[in-house]
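Coordinate analysis (summary)
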Amino acid sequence: METEIVKIKDKEFKPYLTPAQINDIIEDLARRINRDYAGKNPLLVAILNGAFIFAADLVKKLSFPCRISLIKVSSYAGTESTQNVCELIGLQESIKDEDVIIIEDIVDTGVTMSHLLERLRKDQPRSLAICSLLFKPEKFTKDYTIDYIGKSIPNEFVVGYGFDYDGYGRNLPGIYQLKD
Ligand code: IMP
């Protein structure tokens, strides 16, 4: 099944990571996070929509008491007098003095995460770490550290396992890469 080309709208995608390979990547992330957060009670903040499957699989492998909040981010360019604004939709709890781990599906240019970091830091968490399943180093334009990277990938568009093309493809159990 994983050798199949997947067609979504006008584009074709070829297999890139099987469900078993994704599971291995998440096992490794969980092992590192479990080691670093042993004895702590971090708050996980997962970014919708893309991270919903990744976050669900990751939390099942975490061995410390943790809470998870699912949020949406809307960033937009402001007017002449305003910088970029990052609005958090759905963050109910205070993150002041909390150890926060942001759970993201992919960091590409890094712009979205940069806005999010700036916004969350205003609420004075005790610590703020980033965990991203995938990372595209060739596209990254920022200089903050991504504490936990599942896998660095080439600058190719991917779908499946939460990643979408025009809203479709999130339900594919594996990850597929744009063909040509
Ligand atoms: P950034 O602000 O450029 O880092 O973009 C991050 C967001 O772009 C991610 O949260 C994804 O929603 C989306 N994105 C970036 N690359 C891909 C991809 O290859 N497939 C699907 N979505 C992507």
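Above this text is the structure in question.
Here the residue numbers are simple positions, counted from 1 along each chain's written sequence. Side-chain atom pairs in this predicted model are given and counted only at pLDDT of 80 or more, local residue features only at pLDDT of at least 70, and totals for whole chains, interfaces and linings cover all residues. Water and hydrogen atoms play no part in the side-chain values, which are based on all heavy atoms of the structure.

1. Some points on the state of the cysteines
Defined simply, a disulfide is a covalent bond joining two cysteines at their sulfur atoms. When two cysteine sulfur atoms are found within 2.5 Å, that pair is recorded as a disulfide. Using the criterion set out here, one finds 0 disulfides in the structure. Cysteine C66 remains unbridged, with the sulfur of C131 as its closest cysteine sulfur at 12 Å.

2. Here we look at the pattern of salt bridges
Two side chains of opposite charge can pair, provided their charged atoms sit close to one another. A pairing counts as a salt bridge when a side-chain nitrogen of Lys or Arg comes within 4 Å of a carboxyl oxygen of Asp or Glu. Scanning the model with the defined rule gives 14 salt bridges in all. Here K11 and D10 are joined by a salt bridge, their closest N and O atoms 3.2 Å apart. Each of D28, R31 and R32 takes part in one network of salt bridges that share partners.

3. Points about the environment of C86
Strands here mean DSSP runs of E at least two residues long; helices mean DSSP runs of H or I at least four residues long; both are numbered from the N terminus. Residue position: C86 is located in strand β5 (residues 85-89). In this structure, the C-alpha to C-alpha distance between C86 and T112, residues 26 residues apart in sequence, is 8.5 Å.

4. So, helix α1 (residues 19-36)
Multiply 1.5 Å by the residue count of a helix minus one, and that product is the helix's expected span. Helix length check: α1 (18 residues) gives 26 Å between terminal C-alpha atoms against 26 Å at 1.5 Å per residue, within 8%. In what follows, a contact means two residues having at least one pair of non-hydrogen atoms within 4.5 Å. On the buried face of α1, the contacting elements are β2 (11-17), α2 (52-59), β6 (99-107), β7 (127-135), β8 (148-152) and β10 (175-178).

5. A closer look at unusual backbone geometry
Apart from glycine, the bulk of residues carry a negative phi angle, and the bulk of peptide bonds sit in the trans form. Going from L48 to N49, the amide bond is cis rather than trans, its omega being 0 degrees. Of note, N49 is situated in the loop between β3 (43-47) and α2. If you check the backbone angles, D97 has positive phi at about 60 degrees while not being a glycine. Along the polypeptide, D97 turns up in the loop between β5 and β6. If you check the backbone angles, D180 has positive phi at about 55 degrees while not being a glycine.

6. Some remarks on the site of the ligand
Around the ligand sit 15 residues in total, of which T109, G110, T112, K136 and V158 are the nearest. Separating an oxygen atom of the ligand from a side-chain N or O atom of K136 is a distance of 2.8 Å. Any N or O atom pair separated by 3.5 Å or less is treated as a polar contact, with the protein-specific requirement of one donor-capable and one acceptor-capable atom, and with residues adjacent in sequence counted only for side-chain atom pairs. Residue V158 places a main-chain N or O atom 2.7 Å away from a nitrogen atom belonging to the ligand. Only the protein chains shown count as covering a residue, and every accessible area follows the Shrake-Rupley method with a 1.4 Å probe. Look at the ligand: alone it shows 500 Å² of surface, and the protein chains cover 79% of it. Among the elements that line the shell around the ligand, the one with the most residues is β6, at 4 residues. Taken together, the residues of the shell around the ligand break down into 6 nonpolar, 3 polar and 6 charged. Proximity is defined per residue: any heavy atom of the residue falling within 4 Å of a molecule or strand makes that residue near it. Polarity classes work like this: nonpolar for Ala, Val, Leu, Ile, Met, Phe, Trp, Tyr, Cys and Pro, charged for Asp, Glu, Lys and Arg, and polar for all others, with Gly in that last group.

7. With respect to the packing of aromatic side chains
Pairs were defined over the aromatic rings of Phe, Tyr and Trp, the Trp ring being its six-membered one, requiring ring centres within 6.5 Å. Orientation was assigned from the angle between planes: stacked under 30 degrees, edge-to-face over 60, tilted for the rest. This structure, assessed with the given rule, holds 5 aromatic pairs. Both rings, one in F135 and one in F140, keep their centres 5.1 Å apart while their planes meet at 75 degrees; by these two values the pair is edge-to-face. By the burial criterion, F135 is buried, and F140 matches it. Each ring, one from F140 and one from Y144, has its centre 5.2 Å from the other, and the planes form 85 degrees; the classification is edge-to-face. Burial classes follow relative accessibility: with a 1.4 Å probe on protein chains only, a residue under 20% of its type's maximum area counts as buried, one over 50% as exposed, and anything between as partly exposed. Exposure remark for Y144: the relative accessible area of 14% places this residue in the buried category. Put simply, the rings of F13, F157 and Y165 pair up and form one aromatic cluster. For K40, the ring lying beneath its charged end belongs to Y37, and the centroid distance is 5.5 Å. Note on geometry: a ring has a charge over it if NZ (lysine) or CZ (arginine) is within 6 Å of the ring centre and within 35 degrees of the ring normal.

8. A look at the sheet that holds strand β1 (residues 6-8)
Pairing between strands is defined by DSSP: at least two bridges between them are needed. Pairing is antiparallel across the open sheet formed by 4 strands, whose spatial order is β1-β2-β10-β9. In the strand order of this sheet, the two ends are held by β1 and β9 (158-159), each with one partner. Strand direction decides the pairing type here: β9 and β10, joined by 2 bridges, are antiparallel. Opposite V158, over in β10, you have Q177 as the bridge partner.

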